[in-house]
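# Coordinates in review
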Amino acid sequence: MRTNTGLWWLLAIFFLAVAVVYTGWNIIAHPDVPWYHGIEWVGSVALLFTALMGALIAFYIGKVHKAQGGELPEDVLTSDIDDGDPELGEFSPWSWWPIVLAFSAALGMIGLAVGAWMMPIGIAVFVVAIVGWVYEYYRGYFAR
């Protein structure tokens, strides 16, 4: 994680330098055009905000690394794969409900784009998919 923090700080500094060069170049590039006022604000602000977001991510990763009180297994060169292999939860590789849930999201987005009459259909399919996914272990072959 320490390496990631350094890379994000490097990326933030890079985008800050690019923002300074970009803004300066725009100021000096067109001195003879009367309607051009020197700064192209969209690119300058976008590059500046990209640098700020990189700095925000670097700061956050650094604080998390400091708060965890040690190195992660993936940061130690002599660690094995099993050292960083926690139990992440129980997943259903045979479940079809995530596909139905994605279909309901697609129906909702199509409803926003095409017509509002499709939104209730997407919401109804969403409710059925969520209930089916939550309760799939209570019925049928995989009941517990």
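Just so we're clear, the structure is a prediction, and the values are computed from it rather than from any experiment. (Residues numbered from 1 in each chain as written. Predicted model: local features only at pLDDT ≥ 70, side-chain atom pairs only at ≥ 80, totals over all residues. Heavy atoms only, no water.)

### Notes on the packing of helix H3 (residues 97–113) against helix H4 (residues 119–134)
- Contact pair H3 / H4: the axes reach a minimum separation of 8 Å and the direction vectors enclose 165°. Taken together, the axis directions place H3 and H4 in an arrangement best described as roughly antiparallel. As H3 runs across H4, the sense of the crossing is left-handed. Two secondary-structure elements touch here, H3 through Trp97, Pro98, Val100, Leu101, Phe103, Ser104, Leu107, Gly108, Gly111 and Leu112 and H4 through Met119, Ile121, Gly122, Val125, Phe126, Val128, Ala129, Ile130, Gly132 and Trp133.
- Of the residues assigned to the contact of H3 with H4, the class counts are 15 nonpolar, five polar and no charged. (Axes fitted to C-alpha atoms, helices over the stretch in contact; angles between N-to-C directions. Helix = DSSP H or I, 4+ residues; strand = E, 2+ residues; numbered from the N terminus. Parallel < 35°, antiparallel > 145°, perpendicular 65-115°, else oblique. Left-handed = near helix turned anticlockwise from the far one by under 90°. Contact = heavy atoms within 4.5 Å. Nonpolar A, V, L, I, M, F, W, Y, C, P; charged D, E, K, R; others polar.)

### Quick look at a nonpolar patch on the surface
- Residues Ile123, Phe126, Val127, Ile130, Val131, Trp133, Val134, Tyr135 and Tyr138 make up a contiguous nonpolar surface patch of roughly 880 Å² in combined accessible area.
- With respect to the secondary-structure elements, Ile123 resides in helix H4.
- Given a relative accessible area of 48%, Ile123 falls into the partly exposed group. (Patch = residues over 30% accessible without salt bridge, like charges linked within 9 Å, V, L, I, M, F, W, Y side chains within 5 Å. Areas by Shrake-Rupley, 256 points an atom, 1.4 Å probe, with all protein chains shown as cover. Salt bridge = Lys/Arg side-chain N within 4 Å of Asp/Glu carboxyl O. Buried < 20%, exposed > 50% of the residue type's maximum accessible area, 1.4 Å probe, protein only.)

### Quick word on the UniProt feature "transmembrane region" (unreviewed entry) in the protein
- Following the UniProt record, one finds the feature "transmembrane region" (unreviewed entry) at residues 7–29, 41–61, 96–115 and 121–138.
- Along residues 41–61, the helical share is 100% and the strand share 0%, with 30 Å between the first and last C-alpha atoms.
- Between the C-alpha atoms that bound residues 121–138 the distance is 26 Å, and the span itself is 78% helix and 0% strand. (UniProt positions renumbered as here; feature names shortened; annotations may be inferred.)

### Quick notes on H3
- The terminal C-alpha atoms of H3, which comprises 17 residues, lie 24 Å apart, in line with the 24 Å expected from a rise of 1.5 Å per residue.
- Among all positions in H3, only Leu101, Ser104, Leu107, Gly108 and Gly111 are buried. Axial view of H3: buried residues confined to an arc of 115°, hence all on one face. Exposed positions of H3 whose direction lies more than 90 degrees from the buried face are Ile99, Met109 and Ala113.
- As for H3, its buried residues are in contact with H4. (Expected span 1.5 Å × (residues − 1). Arc of directions from axis to C-beta.)

### Overview of the packing of aromatic side chains
- Overall, the coordinates contain two aromatic pairs when judged by the stated rule.
- Centre to centre, the rings of Phe14 and Phe15 are 5.4 Å apart; their planes meet at 70°, and the pair counts as edge-to-face.
- When its relative accessible area of 48% is taken as the criterion, Phe14 is described as partly exposed.
- Among the residues examined, Phe15 registers a relative accessible area of 22% and is labelled partly exposed. (Phe/Tyr/Trp six-rings, centres within 6.5 Å; stacked < 30°, edge-to-face > 60°.)

### What about H4?
- Relative to the 22 Å expected for 16 residues at 1.5 Å per residue, H4 spans 22 Å between its end C-alpha atoms, a close match to the ideal helical length.
- Three or more residues of H4 are buried, namely Gly122, Ala129 and Gly132. Looking straight down H4, one finds its buried side chains confined to an arc of 95°; they lie on one side. Residues of H4 that are exposed and point over 90 degrees away from its buried face: Pro120 and Val134.
- Where the residues of H4 are buried, they touch H3.

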